Amino acid sequence: MMTKRNKTENGGNCDIKNLSRGAKIWYPVYVSGANLSIGDLHFSQGDGEITFCGGIEMSGVVTLRTRLLKNGIKLLAMKNPIFIPGPVEPKFSKYITFQGINVDEKSGKQHYLDATMAYRHACINCIEYFKKFGYTGE
């Protein structure tokens with residue numbers, strides 16, 4: 001998902017294994033009047049394309065609640081979406097996932113399938129988030 005105005009990626013194809021019932025997602029909204037669309041449901045999915053597990057497509061119904069968190073980008077130190085997957089696996093307690101993208105933050109150039117850049121962005125997003133709670137980022 002990209003905004004045409006400033007070409008910022010802020011969602012897109014979010015292949016997260018436990019993004020299911022009970023999940024919470026915070027999407028940055030960079031433009032006034034932004035829209036939200038949902039699709040591409042999977043019966044089975046690995047965590048991202050990096051798992052090489054391509055999703056098993058399915059039809060389905062998505063029920064969700066939305067609300068706008070004013071100044072949420074600043075409050076959560078958010079550049080890309082933040083995900084808390086649903087409680088679908090009893091062996092895990094709660095956890096949080098940060099998405100990274102493969103777009104150079106300085107030039108805006110997209111680097112197709114550059115997992116290193118996406119991983120770097122996910123780490124930076126995580127560090128910035130935890131700095132909001134008093135951590136130093138070191």
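Just so you know, these numbers come straight off a predicted model, no measurement behind them. (Residues numbered from 1 in each chain as written. Predicted model: local features only at pLDDT ≥ 70, side-chain atom pairs only at ≥ 80, totals over all residues. Heavy atoms only, no water.)

### Examining the pattern of salt bridges
In total, this model carries two salt bridges according to the counting rule given. Its salt-bridge partner being arginine 120, residue glutamate 105 comes within 3.3 Å of it at the nearest N-O pair. Highlighted residues: glutamate 105 in the loop between strand S5 (97–98) and helix H2 (115–131) and arginine 120 in helix H2, separated in sequence by 15 residues. Given a relative accessible area of 39%, glutamate 105 falls into the partly exposed group. Put simply, lysine 131 and glutamate 128 hold a salt bridge, and the shortest N to O gap is 3.1 Å. Placement of both lysine 131 and glutamate 128 in helix H2 is noted, with a separation of three residues, approximately one turn of the helix. The exposure class assigned to lysine 131 is partly exposed, which follows from its relative accessible area of 38%. (Salt bridge = Lys/Arg side-chain N within 4 Å of Asp/Glu carboxyl O. Helix = DSSP H or I, 4+ residues; strand = E, 2+ residues; numbered from the N terminus. Buried < 20%, exposed > 50% of the residue type's maximum accessible area, 1.4 Å probe, protein only.)

### Here's the deal with the packing of aromatic side chains
Per the counting criterion, the structure on display carries six aromatic pairs. Ring geometry for tyrosine 129 versus phenylalanine 130: centroids 5.3 Å apart, planes at 85 degrees, classification edge-to-face. A relative accessible area of 14% places tyrosine 129 in the buried class. Residue phenylalanine 130 is classed as partly exposed on the basis of its relative accessible area, which comes to 33%. Every member of this aromatic cluster is reached through a ring pair, and the members are Phe98, Tyr129, Phe130, Phe133 and Tyr135. (Phe/Tyr/Trp six-rings, centres within 6.5 Å; stacked < 30°, edge-to-face > 60°.)

### A word on unusual backbone geometry
For asparagine 71, which is not glycine, the phi dihedral falls at a positive 60 degrees. Along the chain, asparagine 71 turns up in the loop between strand S3 (56–57) and helix H1 (72–75). According to the relative accessible area criterion, asparagine 71 is exposed, its value standing at 59%. Backbone geometry at alanine 77 places phi at a positive 50 degrees, although glycine is not the residue there. Looking at the element boundaries, alanine 77 is found in the loop between H1 and strand S4 (82–84).

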